[in-house]
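# Close look at the chain arrangement
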Amino acid sequence: MAEPSPPPPSNAGLRILLSKDRPAASSSSAAASSHTDRDRIIGIFRDALSRTESPETFALQTVQEAIKPQKETVLVLEENQSLENALRTLLQELVSSAVKSGKKIMQYGNSMDSGKSNCQITRLLDIVLYLCERGHVEGGMVFQLLEDLTEMSTIKDCKDIFGYIESKQDVLGKQELFGRGKLVMLRTCNQLLRRLSKANDVVFCGRIIMFLAHFFPLSERSALNIKGVFNTSNVTKYEKDATDGISVDFNFYKTLWSLQEYFSNPALTAASPAKWQKFSSNLEVVLSTFEAQPLSDDDGRLNNLEQQEDAAFNIKYLTSSKLMGLELKDPSFRRHILVQCLIFFDYLKAPGKNDKEGPAGSLKEEIKSCEEHVKKLLEIIPPKGKEFLKSIEHILEREKNWVWWKRDGCPAFEKQPFEKKSGQAGARKRKPRWRLGNKELSQLWKWAEQNPNALTDPDRIRMPSITEYWKPLAEDMDPSAGIEEEYHHKSNRLHWKEAKYAELVSARDNEVYCWKGLRFTARHDLELFSRFSDYGIEGVVPPELLPPEVNAKFSSKPAEKVKRPKREETKGASAQAKEQQIAATPDTDGGSGADPEEGALPMDSDNGMAEDGQKRSPEEVSGPETGQIEAEADAEDNMKTATSKDARAAEEEKS
């Protein structure tokens, strides 16, 4: 009898068997292979760092030798990752070697004999930056190396590293690199700012902030406080109990420094009427004290900003009660408090996103009165109080634009070029209709708070007096003003089609100015308007506006024009001239002439025609000229001859 065959092994046993028989050296061999490749890449790039040529000549060749990419000029994802790991390891080794040598990181590798800068770390960054710019490797690789470098360096070395970043700002800001590394660069700068001291490293912090402002576009939202959160952690600590040796009232000391609690979070003050009343009463005490103790010019000279620029600016003032007397004599300290008040009021006046009207009417009036009081105090603080106030007002006015921009959701400032699309035949799109013609004007109308009130303002339709209207032209006529003739309000000789734009606008405005002035004067003062026919537009200017020497030219009456001689004198002179002409003319009909009665007919008709001519002529002349008399005599002679011939012909027919 045969022995039974053993049962086949189960699946579980098979899996265990395969697990045991699997070679354990596969993972370790892969790790060893990756370390070997990394060391090989590091060695190739170490050799490249010693080359003195420009990175353009050997950078791509070095990458191809180290990676052996699938494509000739562009690395794929896995190749980029292996290259980045190798370069980060190389950078760490270089930093470690620099620290051991005792040299600065950005000076490690420089030769003292040659005098040329050949820092190995700078050389490595230049090579990687060139590869990223040309698109041979991933664009964010250089940003990652810069972040690692700042994390491994001290604050002193970070200043040199950031100097390199500033020098390469134009290249790093290119679109092909900026999109890949902007978040890494932002994280790097923020980490640096957290490590720096706000009191000792103020200049370095300012360099970082200025770099971010230039590196990122104007409409970048990452650096904006969209929600409007206040820094409530910035607490101003001051003494609560009075101590000995205080030169000022301790109640005033507490009142002054208690204002910082309201300045740190203006939103709570605006939301609570009780807090606003407390703030306004405390502020009135401070302003009254400043007004009662004005500063002299000597106090201003002791704190001249131009002579002591570094000592005049402080981040925060000391709050010791023993220093209160000295701080009250410091113009910079007073300006510090008063400017905070203006910023606080500017926030309260700005309408919120859901509150278009802003503060209530009573609160608005209180804010306005307090603001005027603060501005008056700023004007009297030496030195150059008025100039300082003007600068602050200009800054706050510009700040309103940013407030409105953030309230509208931070729309992009860059506008894409308009591309005209060819629509379907017959399809007409309806253009958007705006209340005031276009989007910009409609938006301006919504932004302005006083537009409805401006329409009902009585000054809007106020009509000026004649004296007020003609005052600009009177100033032009004053010789002491020295205004040239072509720039007078009356000058409009240049034709607008032949003029440039500025002259075109000037000529049109002058014509309208004179035309309106004549209509306005004719409506209110006819006697003054009548002077226009004698003196022109300058004669319409009221005499009380003109200097005495100019007014004398228009006060005297113009020479009266000589009227035309009377009709009878003209007739007598004309008849005498005709008789002389007839006597000098020979008889053409053999001595037979007309009767005196018949000869009188042409004279009467001619005189009648002359009279008609005088009736039809509207002009007045000073007297008949010689040429005119001769012309009239010739015409009368011809008329007399023609009339004599007609009379003889009529007489022959009768006979």
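The rules behind the values
Residues numbered from 1 in each chain as written. Predicted model: local features only at pLDDT ≥ 70, side-chain atom pairs only at ≥ 80, totals over all residues. Heavy atoms only, no water. Helix = DSSP H or I, 4+ residues; strand = E, 2+ residues; numbered from the N terminus. Buried < 20%, exposed > 50% of the residue type's maximum accessible area, 1.4 Å probe, protein only. Contact = heavy atoms within 4.5 Å. Areas by Shrake-Rupley, 256 points an atom, 1.4 Å probe, with all protein chains shown as cover. Phe/Tyr/Trp six-rings, centres within 6.5 Å; stacked < 30°, edge-to-face > 60°. Salt bridge = Lys/Arg side-chain N within 4 Å of Asp/Glu carboxyl O. Core = buried A, V, L, I, M, F, W, Y, C linked by side-chain atoms within 4.5 Å. 1 Å grid on protein atoms, 1.4 Å probe; cavity = no way out; pocket = protein on both sides within 12 Å on 5 of 7 lines; lining within 4 Å. Points joined across faces, edges and corners; volume = space filled by probe spheres on them. Nonpolar A, V, L, I, M, F, W, Y, C, P; charged D, E, K, R; others polar. Axes fitted to C-alpha atoms, helices over the stretch in contact; angles between N-to-C directions. Parallel < 35°, antiparallel > 145°, perpendicular 65-115°, else oblique. Patch = residues over 30% accessible without salt bridge, like charges linked within 9 Å, V, L, I, M, F, W, Y side chains within 5 Å. Left-handed = near helix turned anticlockwise from the far one by under 90°. pLDDT = per-residue confidence, 0-100.

Along the protein, the regular secondary structure elements total 30 helices and zero strands. When each of the 655 residues of the protein is scored for burial, the buried share is 31%. Once local pairs closer than 6 in sequence are excluded, the contacts in the protein between residues at least 24 apart make up 68%. Just so you have it, the protein exposes about 44600 Å², and 53% of that area is on carbon and sulfur atoms.

What follows is about the packing of aromatic side chains. In total, this model carries 22 aromatic pairs according to the counting rule given. Relative to Phe279, the ring of Trp276 lies with its centre 5.7 Å away and its plane at 40°, an arrangement referred to as tilted. Placement of both Trp276 and Phe279 in helix H13 (residues 273-292) is noted, with a separation of three residues, approximately one turn of the helix. Each member of the pair, Trp276 as well as Phe279, carries the same accessibility label: buried.

A word on the pattern of salt bridges. Here the structure, examined in full by the defined rule, presents 13 salt bridges. Salt-bridge contacts for Asp148 lead to Arg88; the nearest nitrogen and oxygen are separated by 2.6 Å. One end of the pair, Asp148, is in helix H6 (residues 141-151); the other, Arg88, is in helix H4 (residues 77-101), and 60 residues separate them in sequence. According to the relative accessible area criterion, Asp148 is buried, its value standing at 11%. With relative accessibility at 31%, the residue Arg88 sits in the partly exposed group. The closest approach of N and O atoms between Glu371 and Lys349, which form a salt bridge, is 3.0 Å.

Residues Phe45, Leu83, Ile121, Leu149, Leu172 and Met185 are the most contacted members of the largest nonpolar core, which totals 61 residues. Counting only elements with at least two residues in this core, the list comes to helix H2 (25-49), helix H3 (55-67), H4, helix H5 (120-134), H6, helix H7 (155-167), helix H9 (175-195) and helix H10 (202-215). Beyond its immediate chain neighbours, meaning those up to four positions away, Met185 contacts Phe143, Leu146, Ile165, Leu172, Phe211 and Phe215. Membership of the second largest hydrophobic core comes to 39 residues, among which are Tyr262, Phe279, Leu378 and Leu396.

Here the idea is plain: a probe the size of a water molecule rolls over the atoms and shows the empty space left. Applying the stated criterion to the full structure yields two cavities of 30 Å³ or more. What the second largest cavity holds in volume is close to 60 Å³. In terms of lining residues, the second largest cavity is bounded by Phe290, Pro294, Leu295, Arg334, Leu338, Leu377, Ile380 and Ile381. Across the lining of the second largest cavity, the residue classes tally to seven nonpolar, no polar and one charged.

The next point concerns the packing of H3 against H5. One can describe the packing of H3 onto H5 by two numbers: an axis separation of 10 Å at closest approach and a directional angle of 80°. Taken together, the axis directions place H3 and H5 in an arrangement best described as roughly perpendicular. For the pair H3 and H5, the contacting residues are Pro55, Glu56, Phe58, Ala59, Leu60 and Val63 in the first and Arg123, Asp126, Ile127, Tyr130 and Leu131 in the second. Among the residues forming the contact of H3 with H5, the class breakdown is eight nonpolar, no polar and three charged.

Bringing a nonpolar patch on the surface into the picture now. The grouping of Leu218, Trp402 and Phe413 at the surface amounts to a nonpolar patch, some 290 Å² of accessible area in total. With respect to the helices and strands, Trp402 occurs in helix H19 (residues 385-407). Taking the relative accessible area as the measure of exposure, Trp402 reaches 33% and is therefore partly exposed.

In contact at an axis separation of 9 Å, helix H11 (residues 250-264) and H13 are set at 130° when each is read in the N-to-C sense. Put simply, H11 runs oblique to H13. Every pair of crossing elements has a handedness; the one defined by H11 and H13 is left-handed. Residue-level contacts link Phe252, Thr255, Leu256, Ser258, Leu259, Tyr262 and Phe263 of H11 to Lys275, Lys278, Phe279, Asn282, Leu283, Val285, Val286, Thr289 and Phe290 of H13. Each residue belonging to the contact of H11 with H13 can be placed in one class, and the counts come to 10 nonpolar, four polar and two charged.

Another point: the environment of Phe554. Inspection of the secondary structure puts Phe554 in helix H27 (residues 548-555). With relative accessibility at 8%, the residue Phe554 sits in the buried group. C-alpha of Phe554 to C-alpha of Tyr535: the two residues are 19 residues apart in sequence and 7.2 Å apart in space. Not counting chain neighbours up to four residues away, the residues in contact with Phe554 comprise Met477, Arg531, Tyr535, Glu538, Gly539 and Leu546.

A few words now on the confidence of the model for the protein. Note that predicted coordinates carrying low pLDDT should not be read in detail. Chain-level statistics for the protein give a pLDDT mean of 76 and a share of 69% at 70 or above. Segment residues 1-27 is flagged for pLDDT under 50; beyond a separation of four residues in sequence, or across chains, it makes zero contacts in the model. Note that residues 308-312 has pLDDT below 50 and, in this model, four contacts with residues that lie over four places away or in other chains.

Looking now at the side chain of Gln144. Within the secondary structure, Gln144 sits in helix H6. Residue classification places Gln144 among the buried residues on the basis of a relative accessible area of 15%. Excluding residues that lie within four positions of it along the chain, Gln144 makes contacts with Glu84, Arg88, Val184 and Arg187.

What follows covers the environment of Glu366. Relative to the assigned elements, Glu366 resides in helix H18 (residues 361-379). Each residue touching Glu366, except ones within four places of it in the same chain, is listed here: Trp276 and Gln277.

Attention now moves to unusual backbone geometry. Put simply, Pro382 and Pro383 share a cis peptide bond, and its omega is -5°. When you line up the elements, Pro383 lands in the loop between H18 and H19. The phi angle at Lys384 is positive, at roughly 55°, despite the residue not being glycine. Mapped onto the elements of the fold, Lys384 is located in the loop between H18 and H19.

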